[in-house]
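The chain contents come next:
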Amino acid sequence: MKSANASERRQGIETVCVHAGVEPEPTTGAIMTPIFQTSTYVQSAPGEHKGYDYSRGGNPTRTALELALAALERAKHGISFASGLAAVHAIAQLLNPGDHVLVCDDVYGGTGRLFRRLFAKYGIDFEFVDMRRPADLKSQFRPATKLVWIETPTNPLLRIVDIRAVADLARAHGALTVVDNTFASPIFQQPLELGADIVLHSTTKYIGGHSDLVGGALMTSDNELAEQLRFIQFAGGAVNAPQECFILLRSIKTLALRMQRHHENACLVSDALSKQTAFSEVIFPGLESHPQYALARAQMSGYAGMVSVRLKGNFDDVKRFVSRLQVFSLAESLGGVESLVNHPETMTHASVPPEHRKRIGIDSSLLRFSVGIESAQDLIDDVVQALG
Ligand SMILES: *Cc1c(COP(=O)(O)O)cnc(C)c1O
């Protein structure tokens, strides 16, 4: 007899990655979800259809993806968007004039730009604060605070925010907590279990994993929030195309495998870089030298593949170093199988106001590596030869 416990034990994340959302296609038995390349669906009588009436509202390939996305974060609902920023945009549209939002100060550049340059004009007050000490955050809440926006690890400084502590504070003040979980991936960090209300991903990054598409996702277990967010998406139209949904479904199957390798490589690379005197600082949450190593260890089950460094010297030295790299490509974005290097000040974070950049510590010496799944030794050798 099967014990009750065995049937209640939830599936391992590797199994979820391979199977979630995917049922054999009913008419042919095709094991892979087809690309339903259609905008509309024939109805048998006015208003009588099989659950789909127009592809902005729903498409079977997207439905399969959304079930898989929800399963990855152990959420009741997953909503797939045209880009990560379209998902950020949908959450911002939950807000009303007069609302106050606490945003972690080292937030993704595009998220800050959307809040500062697009939504501030609707009378929403976005306040960018250091969230590393939740005790100090308490006094920042106001009666109008409706949302707390966490990114952890942050981009590009890889700071860690205590999700449970901040989400507890937010709930006590009647505010929702959003966690942008793009950098950790659902494999290494599960914010909903730590008390967050909504998890966001740029699926362009680790979930897509091959630098071949742009996409975003929201996951929540709150039925009412899910309904509001779905309405915002349906009304605004920021859906991804069936082909993109199919590619993402395929990517998700190897997500756990890829993340394990990103993590292992980043541990090896960050360790090797720490021994190079050319870098004044190597930032990686899995290094014991990281000021929040203990919190990262407690909150994450792996550290993913992002490593930031400060190179000694001036901007010319930085330019010389990146031009000599051969395995790492100089490009924005992250999370793909191939290794990339990015200079935040002039690339991903160029839109962040200079005084804000200076305050949080993004200067010309800072470089951010996205460590891919190549041979770790080749990556280390590449950095060493580029240092010359
Ligand atoms: C890339 C990124 C986004 C934005 O996603 P897009 O898919 O580029 O629109 C948001 N948050 C983080 C942490 C990101 O890295």
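Relevant structure appears above.
Attention in this report is confined to the structure presented alongside it. These numbers come from a predicted model, not from an experiment.

### A word on the pairing of strand S9 (residues 306-311)
Moving on, step 1. Across the 6 residues of S9, 6 count as buried, placing the element largely inside the fold.
Moving on, step 2. Of the two faces of S9, the one lined by Met 306, Ser 308 and Arg 310 and the one lined by Val 307, Val 309 and Leu 311 are each fully buried.
Moving on, step 3. Direction of pairing for strand S8 (residues 279-283) relative to S9: antiparallel, over a ladder of 4 bridges. Residue Val 282 lies in a different strand from S9, and its bridge partner there is Val 309.
Moving on, step 4. As judged from the 5 bridges shared by S9 and strand S12 (residues 366-370), these two strands associate in the antiparallel manner. Its bridge partner lying in S12, Ser 308 is registered against Arg 368.

### Here we look at the packing of aromatic side chains
Moving on, step 1. A complete count under the given rule lists 8 aromatic pairs for this structure.
Moving on, step 2. A centroid spacing of 4.4 Å and a plane angle of 5° characterise the contact between Phe 115 and Phe 126, whose relative ring orientation is stacked. With Phe 115 in helix H5 (residues 109-119) and Phe 126 in strand S3 (residues 125-129), the pair connects residues that are 11 residues apart, well separated along the chain. Here Phe 115 matches Phe 126 in class, with each residue buried.
Moving on, step 3. When the ring of Phe 284 is compared with that of Tyr 303, the centres are 6.0 Å apart and the planes differ by 75°; the resulting orientation is edge-to-face. Residue Phe 284 is found in the loop between S8 and helix H12 (293-299), and its partner Tyr 303 is found in the loop between H12 and S9; the two are separated by 19 residues along the sequence.
Moving on, step 4. Residue Tyr 303 is classed as buried on the basis of its relative accessible area of 13%.

### Digging into the sheet that holds strand S2 (residues 100-104)
Each strand in a sheet pairs with its neighbour through backbone hydrogen bonds, running either in the same direction (parallel) or in the opposite one (antiparallel).
Moving on, step 1. Taken in spatial order, the 7 strands line up as S1-S7-S6-S5-S4-S2-S3 in an open sheet, and their pairing is mixed. Pairing within the sheet leaves two strands with one partner each, and these edge strands are strand S1 (77-81) and S3. Taken pair by pair, the neighbouring strands of this sheet meet at an average axis angle of 20°, ignoring direction.
Moving on, step 2. Sheet strands in contact with helix H9 (residues 223-236) are S1, strand S5 (176-180), strand S6 (198-202) and strand S7 (216-220), and its direction is about 20° off that of S1.

### A short note on the state of the cysteines
Each disulfide consists of one covalent bond between the sulfur atoms belonging to two cysteines.
Moving on, step 1. One pass over the full model with this rule turns up 0 disulfides.
Moving on, step 2. As a non-bridged cysteine, Cys 17 has Cys 245 as the owner of its nearest cysteine sulfur, 17 Å distant.
Moving on, step 3. Using a relative accessible area of 2% as the deciding quantity, one classes Cys 17 as buried.

### Focus: H9
Moving on, step 1. Here H9 is 14 residues long and its end C-alpha atoms lie 20 Å apart, about the 20 Å a rise of 1.5 Å per residue gives.
Moving on, step 2. Listed as buried for H9 are Leu 225, Ala 226, Leu 229, Ile 232 and Gln 233. Taken around the axis of H9, the buried residues stretch over an arc of 125°, which confines them to a single face. The outward face of H9, more than 90 degrees from its buried face, is lined by the exposed residues Glu 224, Glu 227, Phe 231 and Ala 235.
Moving on, step 3. The secondary structure elements touched by the buried residues of H9 are helix H3 (60-72), S1, helix H4 (84-92), S5, S6 and S7.
Moving on, step 4. Backbone nitrogen of Glu 224 and a side-chain oxygen of the N-cap are separated by 2.9 Å at the start of H9; the cap is Asp 222.

### Let's talk about the sheet that holds S9
Moving on, step 1. Spatially, S8-S9-S12-S11-S10 is the arrangement adopted by the 5 strands of the open sheet, whose pairing is mixed. Strand pairing shows two members of the sheet lacking a second neighbour, S8 and strand S10 (329-330), which therefore form its edges.

### With respect to the site of the ligand
Moving on, step 1. The immediate surroundings of the ligand are formed by 14 residues, with Leu 85, Asp 180, Ser 202, Thr 204 and Lys 205 found nearest.
Moving on, step 2. The separation between an oxygen atom of the ligand and a polar side-chain atom of Thr 204 is 2.7 Å.
Moving on, step 3. Contact with the protein chains removes 93% of the 380 Å² of surface that the ligand exposes when unbound.
Moving on, step 4. Of the residues belonging to the shell around the ligand, the class tally is 5 nonpolar, 6 polar and 3 charged.

Scoring rules and cut-offs
Residues numbered from 1 in each chain as written. Predicted model: local features only at pLDDT ≥ 70, side-chain atom pairs only at ≥ 80, totals over all residues. Heavy atoms only, no water. Buried < 20%, exposed > 50% of the residue type's maximum accessible area, 1.4 Å probe, protein only. Helix = DSSP H or I, 4+ residues; strand = E, 2+ residues; numbered from the N terminus. Pairing = 2+ DSSP bridges. Phe/Tyr/Trp six-rings, centres within 6.5 Å; stacked < 30°, edge-to-face > 60°. Axes fitted to C-alpha atoms, helices over the stretch in contact; angles between N-to-C directions. Contact = heavy atoms within 4.5 Å. Disulfide = S-S within 2.5 Å. Expected span 1.5 Å × (residues − 1). Arc of directions from axis to C-beta. Polar contact = N/O pair within 3.5 Å; in protein donor to acceptor, adjacent residues only side chain to side chain. Near = heavy atom within 4 Å. Areas by Shrake-Rupley, 256 points an atom, 1.4 Å probe, with all protein chains shown as cover. Nonpolar A, V, L, I, M, F, W, Y, C, P; charged D, E, K, R; others polar.

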